[in-house]
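If you want the building blocks of each chain, they are given just below.
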Amino acid sequence: QVQLVESGGGLVQAGGSLRLSCAASGSNFRIYVMGWYRQAPGKQRELVAAISRDSSTTYGDSVRGRFTISRDNAKNTAYLQMNSLKPEDTAIYYCAAGPTWGMNAVASWGQGTQVTVSS
């Protein structure tokens, strides 16, 4: 099993940038799909981005072109680079890991990190 710890959240102004990190421990990190999801109050959790073990990626429609997911297998860490941030990006961001694509396949969740974008 994979244990996940997010970091890098905080308060930024609209148009600014932020990088989130997800530090993982466990034997399956290198083969797992890593993902970032977010959830705002009163809303469902939604996919932000995901990346496979061979670095194939997918993005939610609302962040495509602004956010970039990456992973460094040597460091057991996944990243989410967020640029051109908008107030509607405000949410708790969760790191996730699973054997394949899809929220239903998530085996491990991080505790989340708050991202707040001011206008």
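The structure we're discussing is the one just above.
Figured I'd write up the structure that's included with this text. (Residues numbered from 1 in each chain as written. Predicted model: local features only at pLDDT ≥ 70, side-chain atom pairs only at ≥ 80, totals over all residues. Heavy atoms only, no water.)

1. Considerations on the pairing of strand 1 (residues 3-7)
The line we're drawing: Working definition: with a 1.4 Å probe on protein chains only, accessible area under 20% of the residue-type maximum means buried, over 50% means exposed, and in between means partly exposed. Put simply, DSSP marks the helices as runs of H or I at least four residues long and the strands as runs of E at least two long, and each gets a number from the N terminus on. In this description, strands pair whenever DSSP reports at least two bridges between them.
Burial along strand 1 is one-sided: L4 and E6 are buried, and none of Q3, V5 and S7, which face the opposite way, are. Alignment of strand 1 against strand 3 (residues 18-25), held across 5 bridges, turns out to be antiparallel. Its bridge partner being in strand 3, L4 is matched across the sheet by A24.

2. Quick word on the pattern of salt bridges
Heads up, the rule is: A pair is scored as a salt bridge if a Lys or Arg side-chain nitrogen falls within 4 Å of a carboxyl oxygen belonging to Asp or Glu.
Under the definition given, this model contains 4 salt bridges. In this structure, D89 and R38 form a salt bridge, with 2.9 Å as the shortest nitrogen-oxygen distance. Placement of the pair is D89 in the loop between strand 8 (77-82) and strand 9 (91-98) and R38 in strand 4 (residues 33-39), with a sequence separation of 51 residues. Salt bridges sharing partners connect three or more residues here, namely R38, E46, R66 and D89.

3. Considering the sheet that holds strand 3
Spelled out, the test is: Angles here are taken between N-to-C directions and fall from 0 to 180 degrees, while the axes themselves are lines fitted to C-alpha atoms, restricted in helices to the stretch in contact.
Spatial strand order, 1-3-8-7: 4 strands in an open sheet with antiparallel pairing. Single-partner strands in this sheet number two, and they are strand 1 and strand 7 (67-72). The sheet shows a mean angle of 15 degrees between the axes of neighbouring strands, direction not considered. Here 6 bridges tie strand 3 to strand 8, and the two strands are oriented antiparallel to one another.

4. Observations regarding the state of the cysteines
Put simply, the rule reads: Pairs of cysteine sulfur atoms within 2.5 Å are what we label disulfides.
This model, assessed by the stated rule, comprises 1 disulfide. Bridging C22 to C95, the disulfide has an S-S length of 2.0 Å. Taking the sign of the S-S torsion, about -85 degrees here, the bridge from C22 to C95 comes out left-handed. A residue pair is termed long-range when its members are at least 10 positions apart, and C22 in strand 3 and C95 in strand 9 qualify at 73 residues. In this structure C22 comes out as buried when scored by relative accessible area, which is 0%. Residue C95 is classed as buried on the basis of its relative accessible area, which comes to 0%.

5. Structural notes on the packing of aromatic side chains
Test applied: For this analysis, a ring pair means two rings from Phe, Tyr or Trp (six-membered ring only for Trp) whose centres lie within 6.5 Å, classed as stacked if their planes differ by under 30 degrees, edge-to-face if by over 60, and tilted for the remaining angles. Over a ring means this: the NZ of a Lys or the CZ of an Arg is within 6 Å of the ring centre and within 35 degrees of the ring normal.
Per the counting criterion, the structure on display carries 2 aromatic pairs. Summarising the aromatic geometry, the rings of Y94 and W109 are spaced 6.5 Å apart at their centres and angled 90 degrees between planes, so their arrangement reads as edge-to-face. Of this pair, Y94 sits in strand 9 while W109 sits in strand 10 (residues 108-109); the two residues are 15 residues apart in sequence, bridging distant segments of the chain. A relative accessible area of 12% places Y94 in the buried class. Within the aromatic cluster, the residues linked to one another by ring pairs are Y37, Y94 and W109. When the ring centre of Y94 is taken as reference, the NZ or CZ atom of R45 above it lies at 3.9 Å. Looking at R71, its charged tip hangs above the ring of F29, at a distance of 4.8 Å from the centre.

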